[in-house]
Amino acid sequence: MAHTREATVTATTMSAATTATSRRSRIRTALSWVVQLALALQFASGGVLKLFGATQMTAMFAEIGAGQWLRIVVGALELAGAAGLLLPRLARAAAAGLAALMIGATVTNVTVLGTSPALPLLLLTLAAAVAVMRRDHR
């Protein structure tokens, strides 16, 4: 009888642990999706502005001095990354790619444009967090 009671207590404890792990996993997934959606909106809007040649974007890339081709490439990468964030199979890779893009933006803001790196650093941090949160989702 004692053996059966021990087995029941062990099974109950394991079930509670599984439930807690499952709850944390659901919370992490929900948080990841909220951040992914926010990032997707941010990068999609930035990508569209770059691809359609908004005045502020053409001026910024002219100041960078690499040519307007870079504006087109960055805009396309931002749109592709935004789309990838919305596809579960691609979300981790898209987040990692966008984080890498934000490393370049941070360096460019500081060394070439002389502007605050706050926004690219925030986006870099959020994209890296998504890449980490999505590591178990394939």
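Located above this text is the structure these notes cover.
Predicted model, so just to flag it, every value in this text is computed and none were measured.

Chemist: Sorry if this is basic, but what is going on with the overall build of the protein chain here?
Modeler: Along the protein chain, the regular secondary structure elements total five helices and zero strands. Reading the protein chain from its N end, one meets helices and strands in the order α-α-α-α-α. With 138 residues in all, the protein chain has 27% of them scored as buried. Residue pairs at least 24 apart in sequence account for 63% of intrachain contacts in the protein chain once pairs closer than 6 positions are excluded. Carbon and sulfur atoms form 71% of the exposed surface of the protein chain, whose accessible area is close to 8,400 Å².

Chemist: So what exactly am I meant to see when it comes to the packing of helix α4 (residues 91–113) against helix α5 (residues 118–133) here?
Modeler: What describes two packed helices is the angle between their axes and the distance between those same axes. The interhelical angle for the contact between α4 and α5, taken along N-to-C directions, is 160°, at an axis separation of 8 Å. In terms of orientation, α4 lies roughly antiparallel with respect to α5. The two elements α4 and α5 cross, and the hand of that crossing is left-handed. Only Pro120, Leu121, Leu123, Leu124, Ala127, Ala128, Val130 and Ala131 of α5 make contact with α4, whose side of the interface consists of Arg92, Ala95, Ala96, Leu98, Ala99, Met102, Ile103, Ala105, Thr106 and Asn109.

Chemist: Sorry if this is basic, but what is going on with the packing of helix α3 (residues 68–85) against α4 here?
Modeler: Packing of α3 against α4 leaves a shortest axis separation of 8 Å and a crossing angle of 150°. By the criterion of interaxial angle, the relationship of α3 to α4 is roughly antiparallel. Viewed along their axes, α3 and α4 form a crossing whose handedness is left-handed. For the pair α3 and α4, the contacting residues are Val74, Leu77, Glu78, Gly81, Ala82, Gly84 and Leu85 in the first and Ala91, Ala94, Ala95, Leu98, Leu101 and Met102 in the second. Broken down by class, the residue content of the contact of α3 with α4 amounts to ten nonpolar, two polar and one charged.

Chemist: Looking at this model, I keep getting lost on the side chain of Lys50. Mind explaining?
Modeler: Summarising the element assignment, Lys50 is placed in helix α1 (residues 2–51). Lys50 gets classed as buried once you look at its relative accessible area, which sits at 8%. Setting aside chain neighbours within four positions, we find Lys50 in contact with Met57, Phe61, Arg71, Ile72, Val74, Gly75 and Glu78.

Chemist: It is not clear to me how the nonpolar core should be interpreted in this structure. Could you clarify?
Modeler: Buried together is how nonpolar side chains tend to be arranged in soluble globular proteins. By size, the foremost hydrophobic cluster in this structure holds 20 residues, and its most contacted members are Leu39, Phe43, Leu85, Leu98, Met102 and Val130. Elements that contribute at least two residues to this core include exactly α1, α3, α4 and α5. Contact partners of Leu39, with chain neighbours within four places excluded, come to Leu85, Leu123, Leu126, Ala127 and Val130.

Chemist: Explain a nonpolar patch on the surface here, please?
Modeler: There is a patch of nonpolar side chains on the surface, built from Val48, Leu51, Phe52 and Ile72 and spanning about 370 Å² of accessible area. If you trace the backbone, Ile72 turns up in helix α3.

Chemist: Help me understand the side chain of Ser32 in this model?
Modeler: Structurally, Ser32 is set in helix α1. Sequence-distant contacts of Ser32, defined by excluding residues within four places in its chain, comprise Val130, Met133 and Arg134.

Chemist: Teacher, can you tell me more about the environment of Leu37 here?
Modeler: Mapped onto the fold, Leu37 is located in helix α1. Along the sequence, Leu37 and Ala82 sit 45 residues apart, while their C-alpha atoms lie 8.5 Å from each other.

The rules we used
- Residues numbered from 1 in each chain as written.
- Predicted model: local features only at pLDDT ≥ 70, side-chain atom pairs only at ≥ 80, totals over all residues.
- Heavy atoms only, no water.
- Helix = DSSP H or I, 4+ residues; strand = E, 2+ residues; numbered from the N terminus.
- Buried < 20%, exposed > 50% of the residue type's maximum accessible area, 1.4 Å probe, protein only.
- Contact = heavy atoms within 4.5 Å.
- Areas by Shrake-Rupley, 256 points an atom, 1.4 Å probe, with all protein chains shown as cover.
- Axes fitted to C-alpha atoms, helices over the stretch in contact; angles between N-to-C directions.
- Parallel < 35°, antiparallel > 145°, perpendicular 65-115°, else oblique.
- Left-handed = near helix turned anticlockwise from the far one by under 90°.
- Nonpolar A, V, L, I, M, F, W, Y, C, P; charged D, E, K, R; others polar.
- Core = buried A, V, L, I, M, F, W, Y, C linked by side-chain atoms within 4.5 Å.
- Patch = residues over 30% accessible without salt bridge, like charges linked within 9 Å, V, L, I, M, F, W, Y side chains within 5 Å.
- Salt bridge = Lys/Arg side-chain N within 4 Å of Asp/Glu carboxyl O.

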